[in-house]
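Chain residues, written in single-letter form:
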Amino acid sequence: MARHLWTLSKKSDSLWVKWIHSYVIKRKCLWHMRLPQDSSWTIRKLFKLRDQIQPLIKYVVGNGSKIFLWLDNWHTEGPLYKVFGEAIVRNVGSSLLAKVSSIIHNEDWHWPRQRTYSVKSVLEALRTPNPKVPWASIVWFKQNIPRWAFIMWLVCWGRLSTNDRLLSWRLVADPMCVLCGSVAESHGVGSGDSLGIPSSEETGFPSMLYKLAMAGSVYYIWKARNECIFCNKHSNLEGTMEQLVLDVRDRVCSWKKVGSNGVNQDLCKAWNIYGKILL
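Calculation rules
Residues numbered from 1 in each chain as written. Predicted model: local features only at pLDDT ≥ 70, side-chain atom pairs only at ≥ 80, totals over all residues. Heavy atoms only, no water. Helix = DSSP H or I, 4+ residues; strand = E, 2+ residues; numbered from the N terminus. Contact = heavy atoms within 4.5 Å. Phe/Tyr/Trp six-rings, centres within 6.5 Å; stacked < 30°, edge-to-face > 60°. Buried < 20%, exposed > 50% of the residue type's maximum accessible area, 1.4 Å probe, protein only. Core = buried A, V, L, I, M, F, W, Y, C linked by side-chain atoms within 4.5 Å.

### What to know about the environment of valine 172
Then comes step 1: Residue position: valine 172 is located in the loop between helix 10 (163-168) and helix 11 (205-230).
Then comes step 2: With sequence-adjacent residues up to four places away left out, valine 172 is seen in contact with Asn163, Leu166 and Leu167.

This is how it looks when you write it as structure tokens:
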């Protein structure tokens, strides 16, 4: 049986070997392929011996056109896919069935360089590049609360389902604001550049606190509007403000390395922010 595996591996010039390669192996690697379900007893016996016989058979590379780069036992370390794992095949952009000849050029060895992957590189490759919107730092900053950031993002794009938009779709008959009842409900100043937040690129404590409070205000206004429409619940202004202040305070208390200057101290005192956030 071992001799049969040896003759198959070197593709001896015999009718039986040619038949096995044509109808069983079919250009696959003898040492790595799965056993075909309709195989004969002889083929099943040969395949069971592969793990024992492969380390005993060494290949002479030559031009490498008949030797599998990753699967055959031609390297001094053994089959490379067993030594390094199949991940290296993907990392270098190769194929598991690549031949040794693919890395030999002009009688010199040219191993492919390993590629590095990251979520950022994949995202940059898939998305269509667009210029950065001026309000990006107002919405997306790490101190923001995710659900607040999402509502702010919709506001900046003008995509909230306000009554003026619903009226244009003929889904409501009255565009008036359900909270005040005096003006038509719309995004108003909540469109991109007109949010009223100065120096949105600043990362100091006052600017971050201002942006967080703005995001929370927008979120709670939209929440109160939805509760009024869908739950027939009229929110109390004082209660909403208390909840907003509490959420902002809890969020800020998790921040670290805030400069202990006079402005920051005054802001912390005004918001009743205590703890060890000031340096």
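What follows picks up the thread again.
### As for the packing of aromatic side chains
Then comes step 1: Taken as a whole, this structure holds 9 aromatic pairs when the rule is applied.
Then comes step 2: The interplanar angle of 35° and the centroid separation of 5.5 Å between the aromatic rings of tryptophan 19 and tyrosine 23 together place this pair among those described as tilted. Remark: tyrosine 23 and tryptophan 19 occur in helix 2 (residues 15-25); sequence separation between them is 4 residues, near one turn of the helix.
Then comes step 3: Of the residues examined, tyrosine 23 reaches a relative accessible area of 55% and is grouped as exposed.
Then comes step 4: A centroid spacing of 6.0 Å and a plane angle of 35° characterise the contact between phenylalanine 150 and tryptophan 153, whose relative ring orientation is tilted. Of this pair, phenylalanine 150 and tryptophan 153 both sit in helix 9 (residues 146-157), 3 residues apart, which is roughly one turn of the helix.
Then comes step 5: Overall, the relative accessible area of 32% leaves tryptophan 153 in the partly exposed class.
Then comes step 6: Counting every residue linked through ring pairs, the aromatic cluster contains Trp140, Phe150 and Trp153.

### Points about the environment of phenylalanine 230
Then comes step 1: Looking at the element boundaries, phenylalanine 230 is found in helix 11.
Then comes step 2: Expressed as a C-alpha distance, the spacing of phenylalanine 230 and leucine 244, which sit 14 residues apart in the sequence, is 21 Å.

### Focus: unusual backbone geometry
Then comes step 1: Backbone geometry places lysine 26, a non-glycine residue, at a positive phi of 55°.
Then comes step 2: Inspection of the secondary structure puts lysine 26 in the loop between helix 2 and helix 3 (41-48).
Then comes step 3: One non-glycine residue with positive phi stands out, namely asparagine 232, at about 55°.
Then comes step 4: One can find asparagine 232 in the loop between helix 11 and helix 12 (237-252).

### Concerning the nonpolar core
Then comes step 1: Of all hydrophobic cores here, the largest spans 32 residues; its most connected members are Trp148, Phe205, Val248, Val252 and Trp255.
Then comes step 2: Residue assignment for this core shows that the elements contributing at least two residues are helix 8 (136-139), helix 9, helix 11 and helix 12.
Then comes step 3: Here the element with the most residues in this core is helix 11; it accounts for 10 residues.
Then comes step 4: Excluding residues within four positions of it along the chain, valine 248 makes contact with Trp148, Leu209, Leu212, Ala213 and Trp271.
Then comes step 5: With 31 residues, the next largest nonpolar core counts Val17, Ile25, Leu30 and Leu80 among its residues.

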